[in-house]
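Chain and residue survey
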Amino acid sequence: MDIFTALASAAFGSTVYLTALSTVKWLNQLSPGVKVAGLVVAGIVLCLIIGVIAFASQSVVIGFIVGAGLTPPVHRWILQRRGHAASS
């Protein structure tokens, strides 16, 4: 497995997670009909991205999963630190 490919895939997985999170937060502010349609489209796009990644190679899939798996706890930790620093 090429380490640079895995690292690039991890960064891409992290980016996809943060983009999906932002998209869902934005869609939650819209009317219910638009929100449902937007979530369906976002889900289809995510499935297509994951399908393309799975087709690429095993190291790309591993890197993508690692990046997407590590991002949520790190993102929560950063938000907690930012909130804690602002309240001090």
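Below or above, wherever it landed, is the structure these notes cover. (Residues numbered from 1 in each chain as written. Predicted model: local features only at pLDDT ≥ 70, side-chain atom pairs only at ≥ 80, totals over all residues. Heavy atoms only, no water.)

What follows concerns the overall build of the protein. If you tally the helices and strands in the protein, you get three helices and zero strands. The secondary structure elements of the protein, listed N-terminal to C-terminal, are α-α-α. Taking 12 Å as the expected radius of gyration for a compact globule of 88 residues, we find that the protein reaches 16 Å, considerably beyond that expectation. Projected onto the principal axes, the alpha-carbon positions of the protein cover approximately 40 × 40 × 10 Å. (Helix = DSSP H or I, 4+ residues; strand = E, 2+ residues; numbered from the N terminus. Rg over C-alpha atoms; globule rule 2.2 N^0.38 Å.)

An ideal rise of 1.5 Å per residue puts 36 Å on 25 residues; helix 1 (residues 3-27) measures up with 36 Å between its terminal C-alpha atoms. For helix 1, the set of buried residues is A6, S9, A10, G13, S14, V16 and L27. (Expected span 1.5 Å × (residues − 1). Buried < 20%, exposed > 50% of the residue type's maximum accessible area, 1.4 Å probe, protein only.)

To continue, consider the side chain of T71. Summarising the element assignment, T71 is placed in helix 3 (residues 58-87). By relative accessible area, which is 8% here, T71 ends up buried. Setting aside anything within four residues of it in sequence, one finds T71 in contact with S14, Y17 and L18. (Contact = heavy atoms within 4.5 Å.)

Okay, the environment of V36 next. Relative to the assigned elements, V36 resides in helix 2 (residues 32-56). Residues V36 and A10, spaced 26 residues apart in sequence, show a C-alpha to C-alpha distance of 29 Å.

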